[in-house]
Amino acid sequence: MRPLDETETTVVFEKLFKFVGNNLKKIVENPSDEGPESTPGSYCFRLQKNRVYYVSDALVKRATNISRKNLVSLGTCIGKYTHAGSFHLTIMSLNILAANAKHKVWLKPTSEMSFLYGNHVLKGGLGRITDSIVPGDGVVVFSMSDVPLGFGIAAKSTQDCRKLDPNGIVVLHQADIGEYLRDEDEL
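Residues numbered from 1 in each chain as written. Predicted model: local features only at pLDDT ≥ 70, side-chain atom pairs only at ≥ 80, totals over all residues. Heavy atoms only, no water.

Per an unreviewed UniProt entry, the protein is named 60S ribosome subunit biogenesis protein NIP7 homolog, and its organism is Camelina sativa. In the Subunit (unreviewed entry) part of its UniProt record, the protein is described as follows: "Interacts with pre-ribosome complex." (UniProt positions renumbered as here; feature names shortened; annotations may be inferred.)

S.K.: What is the right way to look at the sheet that holds strand E9 (residues 126-129) in this model?
M.R.: Adjacent strands of a sheet form backbone hydrogen bonds with each other and so pair up, either parallel or antiparallel. Taking strand neighbours across the sheet as the criterion, the six strands line up as E8-E12-E11-E10-E7-E9 in an open arrangement whose pairing is mixed. If you trace the sheet from one side to the other, it starts and ends with strand E8 (121-122) and E9, each paired once. The pairing of E8 with strand E12 (residues 169-176) spans two bridges and is classified as antiparallel. In the strand pairing of E12, Val121 is matched with Val171. Across the sheet, helix H1 (residues 6-20) is in contact with strand E10 (138-143), strand E11 (148-154) and E12; its angle to E11 comes to roughly 105°. Across the face of the sheet, helix H5 (residues 109-116) comes into contact with strand E7 (104-107), E8, E10, E11 and E12 while running at roughly 75° to E11. (Pairing = 2+ DSSP bridges. Helix = DSSP H or I, 4+ residues; strand = E, 2+ residues; numbered from the N terminus. Contact = heavy atoms within 4.5 Å. Axes fitted to C-alpha atoms, helices over the stretch in contact; angles between N-to-C directions.)

S.K.: Got a minute to help me understand the environment of Asp165 in this structure?
M.R.: Here Asp165 lies in the loop between helix H6 (158-162) and E12. By relative accessible area, Asp165 is classed as partly exposed at 45%. Once the C-alpha coordinates of Asp165 and Leu74 are considered, the two residues, 91 residues apart in sequence, prove to be 45 Å apart. A polar side-chain atom of Asp165 sits 2.9 Å from the main-chain amide nitrogen of Asn167. (Buried < 20%, exposed > 50% of the residue type's maximum accessible area, 1.4 Å probe, protein only. Polar contact = N/O pair within 3.5 Å; in protein donor to acceptor, adjacent residues only side chain to side chain.)

Okay, structure coming up:
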């Protein structure tokens, strides 16, 4: 497990910024209460076997006793690097994204299952949407009872959604909590 280098950090922060905006500062400066120290520590990003983890410094210090070969996971896996070198957020980052989301979309109960099966969000299934969304923004998808279901990329702006037909795609699916069942061997 090693710290991210400068280019890796830039790529990870750009991807996170797409979803959380200026709240990225909250994620980086989040105090950690883990460990025996009386003063709160901080969180950091670490790379292990092409996966990026969000982990407290106290836990990283304790993990130095474990060899890299034997270390499977540490902290929260927020994403992974592909063989081509691009970075993809994984569903395990949903708690961090949902707590700090800049743009949100709420689904009607009838369209939640469709999204959880890996389909895009359609206008007909849209319950509410935050203002000032532009195409390409990162969006966190919630149920009407504020349970985070997943995240994706906005296909239409907030104003375009108002005049869109019910079968038009509003959010392009990236990850959902149904992946815990569909892809459990890979997670």
